[in-house]
Amino acid sequence: MFKIGFDNDKYLQMQSERIKERIGEFGGKLYLEFGGKLFDDYHASRVLPGFQPDSKLQMLLQLKDQAEIVVVISADDIEKNKIRGDLGITYDIDVFRLIDAFRSRGLMVGSVVLTKYVSTPKVLQFEQKLADAGIKSYRHYLIDGYPSNISKIVSDDGYGKNDYIETSRELVVITAPGPGSGKMATCLSQLYHENKRGIKAGYAKFETFPIWNIALNHPVNIAYEAATADLNDVNMIDPWHLEAYGKTTVNYNRDVEIFPVLKATFDKIYGRCPYKSPTDMGVNMAGNCIFDDEAVSDAARQEIIRRYFTACCDALRGANKKDEIYKLELLMNNAGLTVDARKCTSVANKKADETNAPAAAIELNDGAIITGKTSDLLGCSSAMLLNALKHLANIDDDTLLLLPEVIKPIQELKVNHLGSKNPRLHTDEILIALAVSAVTDENARLALKQLEKLDKCEMHSSVLLSRVDESTLKKLGIRVTCDAKKI
């Protein structure tokens, strides 16, 4: 049952003001490393109910006259055709998607940086595509001994060999299609080059998770570990901050581990480091905008369980997820969770046991849990969808939204002409049939009007859903999980 616990308007105001303050602290130019997703942060919107997926973008739009964006991509990721899991597209394609999205909203995109640069046919082809699109690109190279050999890194044989990125505004946002692209190294390389040119510049990091000013084992922070279980990120108390200030804050292992390197880099470039801890580097205000801790905690617990189910299903499909699943099981145990903490899961499985067939259940935002069972005409998710729409439209449960004489011709088309072995209607086919029926049937018309109420509802299937059903349900905003079982 969806409940808001995060003040998005307060967040936009506080976050933009904090970034302006940080620009002022350096008195000139600020390189701001943007962690996570800039304008489609669905993880944050799930674990911080009330957070809008484009909140970071909206915040940045308040600074658009001061800001320009530099997109970073690793040449290694281009060569390996690395895929962005949530969108199913390669990182190189996502670079162009990001640029188009930023520019369509009035943001300036200055250039693209290729890190870990190696000249290969794929990389050269990508550079040519950028050139054809009128987009500047720069090359940054691997440095021997990175990240520990500071004397080599901060020298003309290290950062000095990288291209200097030409920028024109005081806030330079460094973003990327995904983690491991080289955002921090790009920022530090620029600080080296700017200093050689006599330009005063600073560095800060904008990472939503983990949230530094809530507890280490808060469900929201555990949910971040669950989201990055494949990267083996670990939340931890920031030891540098504790030693410097005597205050407990939360950071994650990669920033804590790299901080001595960053500090030494600052010391070598400027003679001193402006930060005493990884927490000091950050500008994240999200923790200050949680007004209902119970709501965000419940949302985060659901996210942890969803991540577990997703990894198990991916493993069933053939992905190597053994270590990730083990990590997620540990996180669930640390959070005191079992899969039954997801209400729709136990209801769906109970229905499956009763009918001896696949079943599904959805928890609506009014708290009702609606089920669907498998029949000759419909799969369990399709039946559940129709039943949920009837409930929301106050249509009697015995009323048929789609008559058998409407469904059967579609089944015949699928089996006899389209080569399908499964005659049951998928959710997308159900919605099309319902839309056609709505032309003449008032109940179907009323049911269709309820679709928007399915957004942010929790749903579970007792078996692995088809890609078609899973995709359709997610497009409706339904948060889907499945048992890792095939029909």
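To be clear, the structure that these remarks concern was listed above.
Predicted model only: the values in this text are computed from it and were never measured.

1. A short note on the overall build of the protein
Now for step 1: Of the regular secondary structure elements, the protein holds 20 helices and 14 strands.
Now for step 2: Against the globule reference of 23 Å for 487 residues, the protein gives a C-alpha radius of gyration of 25 Å, in line with a compact fold.
Now for step 3: Principal-axis analysis of the C-alpha atoms places the extent of the protein at approximately 80 × 55 × 40 Å.
Now for step 4: In the protein, once contacts between residues fewer than 6 apart in sequence are set aside, the share between residues at least 24 apart is 68%.
Now for step 5: When the accessible surface of the protein is totalled, it reaches about 21700 Å², and 50% of it is carbon and sulfur.
Now for step 6: If the 62 positive side-chain charges of the protein are averaged to one point and the 67 negative ones to another, these points end up 2 Å apart.

2. Considerations on the nonpolar core
Now for step 1: Grouped together as the largest cluster of nonpolar side chains are 101 residues, with contacts concentrated most on Leu48, Val112 and Leu171.
Now for step 2: Once you skip the residues sitting within four places of it in the chain, leucine 48 turns out to touch Phe6, Phe209, Ile211, Val220, Ile290 and Val296.
Now for step 3: Core analysis: the second largest hydrophobic core is formed by 39 residues, Ala368, Ile370, Ile407 and Ala433 among them.

3. So, the pairing of strand β14 (residues 479-482)
Now for step 1: Neither face of β14 is exposed, since Arg479 and Thr481 on one face and Val480 and Cys482 on the opposite face are all buried.
Now for step 2: Of the strand pairs in this sheet, strand β13 (residues 458-461) and β14 are connected by 4 bridges, and their pairing is parallel. When the bridges of β14 are listed, methionine 459 appears paired with valine 480.
Now for step 3: For the handedness criterion, the β-α-β arrangement of β13, helix α20 (residues 467-475) and β14 is classed as right-handed.

4. Some remarks on the pairing of strand β12 (residues 369-373)
The side chains of a regular strand alternate between both faces of the sheet.
Now for step 1: Burial along β12 is one-sided: the residues Ile370 and Gly372 are buried and none of Ile369, Thr371 and Lys373 is.
Now for step 2: Both strand β11 (residues 359-363) and β12 contribute to a ladder of 5 bridges, which runs antiparallel. Its bridge partner being in β12, alanine 361 is matched across the sheet by threonine 371.
Now for step 3: Between the end of β11 and the start of β12, which pair antiparallel, lie 5 residues, with glycine 367 showing a positive phi angle near 95°.

5. Observations concerning the pattern of salt bridges
Now for step 1: Tallying each qualifying case throughout the model produces 33 salt bridges.
Now for step 2: Between arginine 18 and glutamate 25 there is a salt bridge whose closest N-O contact spans 3.5 Å.
Now for step 3: By relative accessible area, arginine 18 is classed as buried at 17%.
Now for step 4: Glutamate 33 is paired through a salt bridge with lysine 205; the nearest N and O atoms lie 3.7 Å apart. Placement of glutamate 33 in strand β1 (residues 29-34) and of lysine 205 in strand β8 (residues 201-206) is noted, with a sequence separation of 172 residues between them.
Now for step 5: With relative accessibility at 5%, the residue glutamate 33 sits in the buried group.
Now for step 6: Within this structure, Arg46, Glu303, Arg306, Arg307, Arg342, Glu458 and Arg479 form a network of salt bridges that share partners.

6. Observations concerning the packing of helix α9 (residues 219-227) against helix α13 (residues 293-316)
Now for step 1: α13 packs onto α9 with a crossing angle of 20° between their chain directions and a minimal axis gap of 8 Å. By the angle class used here, α9 and α13 are roughly parallel. For the pair α9 and α13, the sense of crossing is left-handed. Within the contact between the two elements, α9 uses Pro219, Val220, Ile222, Ala223, Ala226 and Ala227 and α13 uses Val296, Ser297, Ala300, Arg301, Glu303, Ile304 and Arg307.
Now for step 2: Taken together, the residues of the contact of α9 with α13 break down into 9 nonpolar, 1 polar and 3 charged.

7. Looking at the environment of asparagine 422
Now for step 1: Note on placement: asparagine 422 falls in the loop between α17 (404-417) and α18 (427-437).
Now for step 2: Each C-alpha atom, one on asparagine 422 and one on alanine 229, is 35 Å from the other, the two residues being 193 residues apart in sequence.

8. A look at the sheet that holds β12
Now for step 1: Judged by pairing direction, the sheet is mixed, and its 4 strands sit side by side in the order β12-β11-β13-β14 without closing on themselves. Edge positions in the sheet fall to β12 and β14, since each has one partner strand and no second. For this sheet the average axis-to-axis angle between neighbouring strands, irrespective of direction, equals 15°.
Now for step 2: Pairing of β11 with β13, which is carried by 4 bridges, proceeds in the antiparallel orientation. Its bridge partner lying in β13, glutamate 363 is registered against glutamate 458.
Now for step 3: Against the sheet, α13 engages β13 and β14, with an angle of about 50° to β14.

9. Things to note about the environment of arginine 169
Now for step 1: Among the secondary structure elements, arginine 169 is positioned in the loop between α7 (150-153) and β7 (171-175).
Now for step 2: Leaving out residues up to four positions away in the same chain, arginine 169 has contacts with Lys29, Lys64, Asp65, Gln66, Ala67, Glu68 and Met108.

10. Section: the sheet that holds strand β6 (residues 136-139)
Now for step 1: The strand order across the open sheet built from 6 strands is β6-β5-β2-β7-β1-β8, with neighbouring strands paired in parallel fashion. One side of each edge strand has no neighbouring strand; the edge strands of this open sheet are β6 and β8. Each strand of the sheet is rotated relative to its neighbour by a mean of 25°, with strand direction disregarded.
Now for step 2: Here 5 bridges tie strand β2 (residues 67-74) to β7, and the two strands are oriented parallel to one another. The residue bridging alanine 67 from the neighbouring strand is leucine 171, located in β7.
Now for step 3: The strands touched by helix α6 (residues 121-132) are β2, β5 (108-115) and β6; relative to β5, the strand with the most contacts, the crossing angle is about 170°.

11. Topic: the packing of aromatic side chains
Now for step 1: Enumeration according to the criterion identifies 14 aromatic pairs in this entry.
Now for step 2: Ring plane angle 50° and centroid distance 5.6 Å describe the contact between phenylalanine 6 and phenylalanine 51, whose orientation is recorded as tilted. Taken together, the positions of phenylalanine 6 in the segment before α1 (8-26) and phenylalanine 51 in the loop between α2 (42-47) and α3 (55-61) put the pair 45 residues apart, joining distant regions of the chain. There is no split in this pair, since phenylalanine 6 and phenylalanine 51 are both buried.

Calculation notes
- Residues numbered from 1 in each chain as written.
- Predicted model: local features only at pLDDT ≥ 70, side-chain atom pairs only at ≥ 80, totals over all residues.
- Heavy atoms only, no water.
- Helix = DSSP H or I, 4+ residues; strand = E, 2+ residues; numbered from the N terminus.
- Rg over C-alpha atoms; globule rule 2.2 N^0.38 Å.
- Contact = heavy atoms within 4.5 Å.
- Areas by Shrake-Rupley, 256 points an atom, 1.4 Å probe, with all protein chains shown as cover.
- Lys, Arg positive; Asp, Glu negative; His and termini not counted.
- Charge placed at Lys NZ, Arg CZ, Asp CG, Glu CD.
- Core = buried A, V, L, I, M, F, W, Y, C linked by side-chain atoms within 4.5 Å.
- Buried < 20%, exposed > 50% of the residue type's maximum accessible area, 1.4 Å probe, protein only.
- Pairing = 2+ DSSP bridges.
- Right-handed = clockwise from strand over helix to strand, strands pointing away.
- Salt bridge = Lys/Arg side-chain N within 4 Å of Asp/Glu carboxyl O.
- Axes fitted to C-alpha atoms, helices over the stretch in contact; angles between N-to-C directions.
- Parallel < 35°, antiparallel > 145°, perpendicular 65-115°, else oblique.
- Left-handed = near helix turned anticlockwise from the far one by under 90°.
- Nonpolar A, V, L, I, M, F, W, Y, C, P; charged D, E, K, R; others polar.
- Phe/Tyr/Trp six-rings, centres within 6.5 Å; stacked < 30°, edge-to-face > 60°.

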